[in-house]
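# Residue-level structure breakdown
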Amino acid sequence: MPNSFCNISEDSLFEYRKECGEIIITAYTGDNEHAAVPDSINGLPVVSLDKGAFYKKKELISVTLPNTIRSFKRMAFCKCCNLSEVNTPSQLTDISSDVFTNCVSLNKFELPHTLRNIGSAAFSVCESLTQICLPEKIKEIPLLAFYGCKKLKHISMPKNLYAIGDSAFCNCASLDHISLPDTLRTIGTMTFWGCT
């Protein structure tokens, strides 16, 4: 059965598609400083932000998301340079690659205990991010995950972490302390390069 594409209304700020009785937001078309994603559309739950859903929305400062959302697809908020605040959906399980890349104003994002996966470069060049607590279900920190987070000072590692990818914390110049779990088996190249 083909996917159906449509707008919420004629003056809608969101585009979406329907898959298997669920809604995926494909694009935010507005230019407001604040965006609020609905929890349902036409009685169907909104469960995901698709690839580039908010890509390069430079005027955006904050986004309110419903707890129904389970995943952020690739580059969902990439290059939203003024985005400083995004609430955390309580059912979020997956953050794909480059989701927050170059969100230089993002200063706080709490990862929920439900989170299982963080993609490569997910938070790269989030220059205002100061702390992060990785939930226990995270087993691997991929390459470039927090590259260039120059104000990142505190990070809490999950107890069952087994791998940290290449350049994961490269150029995190403010990082001054980190505790690595006994389960860790692999640390990639240049992982902590530039952590002065």
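Sequence order as written defines the numbering, with residues in each chain counted from 1. The predicted nature of this model means local features are confined to residues of pLDDT at least 70 and side-chain atom pairs, given and counted, to a pLDDT of 80 or more, with totals for whole chains, interfaces and linings taken over all residues. Remark: hydrogens and water are excluded; side-chain values derive from all non-hydrogen atoms of the structure.

So, on to the sheet that holds strand 7 (residues 62–64). When DSSP locates at least two bridges between a pair of strands, those strands are taken to pair. Think of it this way: any DSSP run of H or I at least four residues long counts as a helix, any run of E at least two long counts as a strand, and we number them from the N terminus. Spatially, 3 strands are ordered 4-7-9 in an open sheet, and the strand pairing comes out parallel. One side of each edge strand has no neighbouring strand; the edge strands of this open sheet are strand 4 (34–36) and strand 9 (85–86).

On a regular strand, one side chain projects to one face of the sheet and the next to the other, so that they alternate. Looking at chain direction, strand 2 (residues 14–19) and strand 3 (residues 22–28) are connected through 6 bridges and run antiparallel. Bridge pairing links E15 to A27 in strand 3. Linking strand 2 back to strand 3 in an antiparallel pair, the connection comprises 2 residues, with C20 at a positive phi of about 50 degrees.

So, on to the packing of aromatic side chains. Note on aromatic contacts: the rings of Phe and Tyr and the six-membered ring of Trp form a pair at centre separations within 6.5 Å, being stacked when their planes are under 30 degrees apart, edge-to-face when over 60 apart, and tilted otherwise. Tallied over the entire structure, the rule returns 14 aromatic pairs. Considering the side-chain rings of Y28 and F54, the 5.3 Å spacing of their centres and the 25 degrees angle between planes classify their relative orientation as stacked. Taken together, the residues span a long stretch of sequence, with Y28 in strand 3 and F54 in the loop between strand 6 (44–49) and strand 7 at a distance of 26 residues. The exposure classification of Y28 matches that of F54, with both residues buried. Here F54 and F77 contribute two aromatic rings whose centre-to-centre distance is 5.1 Å and whose plane-to-plane angle is 15 degrees, an arrangement assigned as stacked. Accessibility here uses a 1.4 Å probe with only protein chains present; expressed as a share of the type maximum, an area under 20% marks a residue as buried, one over 50% as exposed, and anything in between as partly exposed.

Taking strand neighbours across the sheet as the criterion, the 3 strands line up as 13-15-16 in an open arrangement whose pairing is parallel. The sheet terminates laterally at strand 13 (140–141) and strand 16 (186–187), the two strands that pair on one side only. With 2 bridges joining them, strand 13 and strand 15 (residues 163–164) adopt parallel strand pairing. Its bridge partner lying in strand 15, E140 is registered against A163.

The salt bridge criterion pairs a side-chain nitrogen of Lys or Arg with a carboxyl oxygen of Asp or Glu, the two atoms within 4 Å. Overall, the coordinates contain 8 salt bridges when judged by the stated rule. For the salt bridge of E127 with K150, the shortest nitrogen-to-oxygen distance reads 3.9 Å. Placement of the pair is E127 in the loop between strand 11 (117–118) and strand 12 (131–133) and K150 in the loop between strand 13 and strand 14 (154–156), with a sequence separation of 23 residues. Residue E127 is classed as partly exposed on the basis of its relative accessible area, which comes to 27%. A single salt-bridge network, built from bridges that share partners, covers R17, E19 and D50.

This brings us to the side chain of S12. Within the element layout of this structure, S12 appears in the loop between strand 1 (4–7) and strand 2. Distance and chemistry together define a polar contact, namely a pair of N or O atoms within 3.5 Å, with one atom able to donate a hydrogen and the other to accept it when in protein, and with adjacent residues in sequence counting only for side-chain atoms on both sides. Among the polar contacts listed, one links the side chain of S12 to the backbone oxygen of F14, at a separation of 2.8 Å.

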